[in-house]
Amino acid sequence: MPDASPFQMFVDPSMRYRPMVRWWWNGDRVIGSELLRELDVLKAAGIGGVEINPIKFPNDAQAMDIRPLQWLSGEWIDVLEVVLKGARERDMTCDMIVGSGWPFGGEFLTREDQSQMVALGTRDVTGPTRLEVTRAELLADVSPALVSPQAGALKELFSLMLAPYELNTLEQVTNLNDRTGEERIVLEIPEGKHVLYYLVKLTGYMAVINGAPGANGPVLNHLDKASVERYLNRLADALTAKIGDLHPYVRAFFTDSIELEGANWCNDMAATFQERHRYDLLPWLPFILFKVGEMGNAVDGHYGAHFAQAFEKNVEAARYDFQTLRRELFNECFVATFAAWCSRLGVKSRMQAYGSECDAMTASPMLDIPECETWIRSERIVPFDAADYRVGRNYTMINKFVSSAAHLSGKQLISCEEMTNTDDPFGVSLNRIKAAGDQSILSGVTQSILHGFNYSPPEIPFPGWVRYGTYFSEHNTWWPYFHLWAGYRARISSVLQHSVMHADIAILPPTADLASLFGFQRDPFPQVAYPPYLYELWEAIHQNGSGCDYITEDIIVRSEIKGGKLQYQQRSYKTLLLPEVERLAPNTAKALTRFVAGGGTLFFLNRVPTQSAGMAEQHEADTVAALVSELQKKYPQRAVLVQVDVASLLTWYRELQRRFSVSPDVLLSEPKDFLSQVHYRQAGREIFFFANYSGDQTHTFQAEFPVSRGYKAWLWDPQTGERHPLHWAPDAGTLTLTLGPVASMLIVLESRSAESNERPVPPSAAASPGTTSVLRADWQVELEPVSGKPVSLTVSDWKNPVLTAALDGFAGTITCSTKVQIDATRECFLELGVLHSVSELWVNGHSLGVRWFGNQTYDISHAVIEGQNELKLRLTTTLGNYVKTMKDNRTAMDWSRNTPTYPAGFIHDVVLRVH
C-alpha cells in the first residue's frame, strides 16, 4: 500500500515511524506468553517496534526460580518464533541483535576465531650491565587493564628489540626476535641508556560484555573474514532451520558497540601490510604502538625511547599506515561481511559503525541503517560547555559523523540508541526525554530506538529486572503519558524519513593527523579530541542558520566541481572548513585547488596543510605545501587562513559568516548557545526544525528565510498533528518566533493556500505581557503514593513543613483543588513553570489536557467564567525520590545510591496571566 501524503503521514504516523525499544531479554529467562503481553504493553504506549537483545542477567536481581534459556537452543528459538510472529500480528517492527552483549563471541569459538591484540611493553635499562629476564615475566608485564577480561587467554612473546634511548634510525635497533622462544633471556646491555621493547600477542583476551548464557565467552576476531562468516552462518543456520525465511519477521540484524579493547591483529596482518604499503611493518611495530589501557585507550605518560625529529616523522607515517589498515580490514572483514550476510537473508543491516577499530565515515555507507547514540547522564539540563565537549550534550560526538556519512550515501533512515542511561534511570522526566530527543533530531537522527525496555514478569518485585537504560516501564509513574512523547517523535520521524537534510558547508576533520599522532580514538567517547573544538564546530554552523556535513579526503577527491560547489552524488558544498589539518594527501590538495579555482570557498582553521600522511607519501610533503601556498596567493578571498576563537565559537562563526558572505539557510537575529536548527527538503517543501535545549530560558528571535518567495509558512505541530498558517512579517520572509525551555517547532514552507479548517496558531501566554498575579489560595491536596496510604492535606503555601515532610521520598500523584475568583475572561492563562512532573488541569470540570515538558502553561480562556472558578491540578512525579528510600532493595540501591533528590510538586508560584 503506498504511503499517504506527507501531511497525512504526519497527522497519523504509521507504526514504522514510531520509536522502537531495545528489549533486554534479561538472562534469557523468557517465556512466550509474557513476551506477548509485553508487546501489547509497548504498543499501547505508542511504541512501534522492538530490538530483541538477550543480555546477562542483572546483578543481584531476584530470579524467582524462572529458568534461563540457552541462546540459540531449541527452546530459545521456539520462544523467539512466538515473538516474531506476535510482533508481525501487531504490525510492530522487529530487529535482532547478532548474538548477545557486545562485541559478540561465545564459548563455542575456536582459538583461531578469537580476537587478537599485539600489545606493547617497555623496560628502561642502563648499561653496561647484564639483564636477566624470564619470558614469563615479560608476558605477565603486558596485562592491559581490560574492562572485560577473558580467562584462559593465550599469551605469546611476539617480538623483542633493544633500542638506545636516543633513537635516530631503525639501524640502531637490535632485533632479538630469535630469543623470544627462550624461557630465560640473558642480554648484554651496552653502555648508556637503552629501552627493551617487547610485544606480546594476546588471543582470546576479551570476554563478551554482558553476554547471555550461550553467547558469553571470548570475543570474535572482527579482523578475520572467515571467522566472521563462521560466526554469522552458525546463527543463520540455527534460526532458518526452525523458522525458515526470516525476512517476513525481521526487519534488520543489529551490531552493537564496537569496543574491542585494543584488538589490532589477525594472522595475515603483516603480510597484508607488506602487500598494500610495500614495506615491512614488524620493525616499526614496537615504536608505533601505545601501551593499552581500558577499552583499548592509550596509556598516558612517557615510555619508550626518545625519538629524533626525523625518526618521529617516520614513526608517525608508519603509525598512520597501520591504523588505516586496521580500519580497512575491519570494514572488509566485518562490516562488508555482515552487510552481505544480512542481504542474503533478505533483511537489513543496522550497526553502530564506530569505535577505534571502525570509522563511521567509511563504514556507515556500507550499511542499510547506520546508527549513533544519545545519552542522558543527569536529569538536570545543563548548558553546553565550551571547555569540555562532553558536558551538556545528550547526543554523543559520533552522531554528526554517522548522519553525515548517511547523507553522503543517500540514506534517510538514521537510527539512534537513545536515552542511554547508566547513572539515574528512575529520576528521568518526560521533559528530560524530550530535551535529549530533540538534540538527536538536530544531529541528523530520523529514528529513535530507546534504551531500553527490560523484560520483567509482573511477579518480580518492584522495580523489576533492570539491566540498563532509562526506566521505560509500565511501572513508571509517567508511563500512562509516554504515548504523548512517542506520538510527538513519530510525527517528526514521518517527515524527516521522507526528506533530505540540506547542507552546503562541509568539514574535513584532521583524520590523518589524529591517526599519526594519537591513533584512532574510541568513539563515541574519544580520549583525545583533535582539535579540541572539532565536535563543536558543526553546532556553531547550525546555530547560525546553515547546515553542514563532515566529509573525508576520499569524498573530496571523488567529487566534481559544478557551479562553484563540491558535488558528491546528490550532496553539494559551497564552503569547506579544514580545522587544523596538517597532513593531506597530494590528490586531496589538487582537488581542493580545483574547488577554489571553480568558485568555492576554503577556510583553513588555525593552520594550513604542509605535509602528507603515510610512508609512501612522505616524499610528496613539499607538493602539498606548495599547492596550498599557491592557492592562498592566487585566491586570497577564497582560500583563507583564519584563527578560531575556541572560547566563543558561536560568535566567531557568525563573524566569519558575515565577513565572507557565507549565506545561511535561515538568518537568525540573535543566535544562542542553546538554540539550534536543522533544515530538510521535500518536493515543494522547505522544512525547518528549531529546538531550544535550555532547561530554563525562553528565546524570542526573528528568522529570515531567503527561500520565502512564493511560499506560505506553516507550523506543523508534532504534539497534536495539526497545522497552522504563519504570517510573514512586513519585510516578507521573516517570522518572529518564541521558544520556551525545551520547546521546539517544525516550520514548513510550501506553495499552497490555507484551508478553511486550519486555524491560526493558538494564542501564547508569552505573546504579550498581560496582567499577572500569583495565585493565592487554600489548596486541598491529595497525595497518592506508588506505595503506601494516601494522605490528605490543606495548605496555602507549597513550602508548608507538613507538606514538605509528606513529600519526602514521595513518588506518585499529587492532586490539588481550589477555588479562584477571576474577574476578566478575555485571554486567560495558568502558568506552572518548568516542573519535574507531568500535569493535568480541570477548570470547572472541563479537562484542559496534559503538559509534560517545558513551561507548563494552560490556556483556560474558554473554560473559566467570570466569578468563582474551580481548579483541579494533578501532578505526576518521577520515581527517583521514592526509589532512594528502598534501602532493602538491592536493585533500587544499585541504581539510586548516588542520585540527587528531585523537587516534587510546584517548583514555582502558580501564576494567573490575563491579556
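Please refer to the structure placed before this passage.
Report on the accompanying structure. The structure presented is a predicted model; accordingly, all values stated were derived computationally and were not measured.

## Re the overall build of the chain
Looking only at helices and strands, the chain has 21 helices and 41 strands in total. Its C-alpha atoms give the chain a radius of gyration of 30 Å, within 12% of the compact-globule value 29 Å for 915 residues. Viewed in the frame of its principal axes, the chain has a C-alpha envelope of about 100 × 75 × 55 Å. Counting over 915 residues, the chain shows a buried share of 62%. Across the chain, the fraction of contacts at a sequence separation of at least 24, relative to all contacts at a separation of at least 6, is 79%. Carbon together with sulfur atoms contributes 49% to the accessible area of the chain, which is approximately 34,400 Å² in total. In the chain, which carries 83 positive and 106 negative side-chain charges, the distance between the mean positions of the two groups comes to 3 Å.

## Comments concerning the environment of Ala-506
Inspection of the secondary structure puts Ala-506 in strand 16 (residues 505-507). The exposure class of Ala-506 is buried, given its relative accessible area of 0%. Residues Ala-506 and Ile-556 lie 50 residues apart in sequence; the distance between their C-alpha atoms is 10.0 Å. Residues in contact with Ala-506, not counting those within four places in the same chain, are Asp-549, Ile-551, Tyr-573, Thr-575, Leu-576 and Leu-577.

## Structural notes on the sheet that holds strand 41 (residues 911-914)
The strand order 32-41-36-39 describes an open sheet built from four strands, whose pairing is antiparallel. Since the sheet does not close on itself, it has two edges, and those belong to strand 32 (771-774) and strand 39 (855-859), each with one partner. Taken pair by pair, the neighbouring strands of this sheet meet at an average axis angle of 25 degrees, ignoring direction. Looking at chain direction, strand 36 (residues 828-834) and strand 41 are connected through four bridges and run antiparallel. Following the sheet pairing, Phe-829 is matched in strand 41 by Arg-913.

## Thoughts on the layout of surface pockets
Unfilled space is identified by rolling a water-sized probe across the atoms. The computed volume of the second largest pocket comes to approximately 1,200 Å³. The wall of the second largest pocket is formed by 48 residues, among which Tyr-320, Asp-359, Thr-362, Thr-511 and Thr-552 lie closest to the centre. Mapped by element, the contributors of at least two residues to the lining of the second largest pocket are helix 8 (309-345), helix 9 (360-363), helix 10 (399-408), helix 13 (511-517), helix 14 (534-543), helix 15 (553-558) and helix 16 (586-597). Counted by class, the lining of the second largest pocket contains 28 nonpolar, eleven polar and nine charged residues.

## Considerations on empty space enclosed by the protein
A full pass over the atoms with the stated rule returns eight cavities of 30 Å³ or more. In this structure, the largest cavity occupies an estimated 280 Å³ of space. Lining the largest cavity we find 23 residues, and of these Phe-290, Val-292, Gly-296, Gln-323 and Arg-326 sit closest to its centre. Empty space within the second largest cavity amounts to approximately 100 Å³. Every residue lining the second largest cavity is counted, 15 residues in all, and those nearest its centre are Asn-454, Ser-456, Phe-472, Ser-473 and His-475. Among the residues making up the lining of the second largest cavity, the classes are represented as six nonpolar, seven polar and two charged.

## Brief notes about the sheet that holds strand 25 (residues 675-682)
The strand order across the open sheet formed by six strands is 15-25-26-31-28-29, and the pairing between neighbours is antiparallel. For this open sheet the edge positions go to strand 15 (500-501) and strand 29 (722-726), each flanked by a neighbour on one side alone. Judged from the five bridges that link them, strand 28 (residues 712-717) and strand 29 form a sheet pairing that is antiparallel. The residue of strand 29 that forms the bridge with Ala-713 is Leu-726.

## Brief notes about helix 3 (residues 74-89)
Relative to the 22 Å expected for 16 residues at 1.5 Å per residue, helix 3 spans 23 Å between its end C-alpha atoms, a close match to the ideal helical length. Of the residues making up helix 3, those classed as buried are Trp-76, Ile-77, Val-79, Leu-80, Glu-81, Val-83, Leu-84, Gly-86 and Ala-87.

## Some points on the pattern of salt bridges
Under the definition given, this model contains 46 salt bridges. Put simply, Glu-229 and Lys-225 hold a salt bridge, and the shortest N to O gap is 3.7 Å. In this pair, Glu-229 and Lys-225 are both assigned in helix 5 (residues 225-243), four residues apart and thus about one turn of the helix distant. By relative accessible area, which is 40% here, Lys-225 ends up partly exposed. Between Lys-672 and Glu-670 there is a salt bridge; the shortest N-O distance is 3.1 Å. Connected through shared salt-bridge partners, Arg-22, Glu-51, Asp-95, Arg-251, Asp-256, Arg-350, Glu-371 and Glu-417 make up one network.

## Let's talk about the environment of Cys-548
Locating Cys-548 in the fold gives a position in strand 17 (residues 548-550). Relative accessible area serves as the criterion here: at 0%, Cys-548 is assigned to the buried category. For the pair Cys-548 and Asp-504, spaced 44 residues apart in sequence, the C-alpha separation works out to 6.1 Å. Leave out the neighbours within four places in its chain, and Cys-548 touches Lys-400, Met-501, Ala-503, Ile-505, Ile-507, Trp-538, Ile-541 and His-542.

## As for the packing of aromatic side chains
Scanning all chains against the criterion turns up 53 aromatic pairs. An angle of 25 degrees between the planes, with centres 6.4 Å apart, marks the rings of Trp-71 and Phe-108 as stacked. Of this pair, Trp-71 sits in the loop between strand 2 (49-55) and helix 3 while Phe-108 sits in the loop between strand 3 (93-97) and strand 4 (116-134), and the two are 37 residues apart along the sequence. With 5.5 Å between their ring centres and 55 degrees between their planes, Phe-518 and Tyr-530 make a pair best called tilted. Pair noted here: Phe-518 is in the loop between helix 13 and helix 14 and Tyr-530 is in the loop between helix 13 and helix 14, with a separation of twelve residues, a long-range link. Given the relative accessible area of 14%, Tyr-530 is considered buried. Members of the aromatic cluster, each reached through a chain of ring pairs, are Trp-23, Trp-25, Trp-71, Trp-76, Phe-104, Phe-108 and Tyr-231. When the ring centre of Phe-254 is taken as origin, the NZ or CZ atom of Arg-350, which lies over that ring, is 3.9 Å away.

## Considering unusual backbone geometry
Cis geometry marks the peptide bond from Gly-127 to Pro-128, where omega comes out at 5 degrees. A cis amide bond links His-451 to the next residue, Gly-452, at an omega of -10 degrees. Along the polypeptide, Gly-452 turns up in strand 14 (residues 447-454). Non-glycine residue Leu-72 carries a positive phi angle of around 75 degrees. Note on placement: Leu-72 falls in the loop between strand 2 and helix 3. Judged by relative accessible area, Leu-72 falls into the buried class, the value being 14%. Of note in this structure, Glu-261 is not a glycine but carries a positive phi near 50 degrees. For Glu-261, the location among the structural elements is in the loop between strand 9 (252-255) and helix 6 (269-277). What makes Glu-261 buried here is its relative accessible area of 0%.

Criteria and cut-off values
Residues numbered from 1 in each chain as written. Predicted model: local features only at pLDDT ≥ 70, side-chain atom pairs only at ≥ 80, totals over all residues. Heavy atoms only, no water. Helix = DSSP H or I, 4+ residues; strand = E, 2+ residues; numbered from the N terminus. Rg over C-alpha atoms; globule rule 2.2 N^0.38 Å. Buried < 20%, exposed > 50% of the residue type's maximum accessible area, 1.4 Å probe, protein only. Contact = heavy atoms within 4.5 Å. Areas by Shrake-Rupley, 256 points an atom, 1.4 Å probe, with all protein chains shown as cover. Lys, Arg positive; Asp, Glu negative; His and termini not counted. Charge placed at Lys NZ, Arg CZ, Asp CG, Glu CD. Pairing = 2+ DSSP bridges. Axes fitted to C-alpha atoms, helices over the stretch in contact; angles between N-to-C directions. 1 Å grid on protein atoms, 1.4 Å probe; cavity = no way out; pocket = protein on both sides within 12 Å on 5 of 7 lines; lining within 4 Å. Points joined across faces, edges and corners; volume = space filled by probe spheres on them. Nonpolar A, V, L, I, M, F, W, Y, C, P; charged D, E, K, R; others polar. Expected span 1.5 Å × (residues − 1). Salt bridge = Lys/Arg side-chain N within 4 Å of Asp/Glu carboxyl O. Phe/Tyr/Trp six-rings, centres within 6.5 Å; stacked < 30°, edge-to-face > 60°. Lys NZ or Arg CZ within 6 Å of the ring centre and 35° of its normal.

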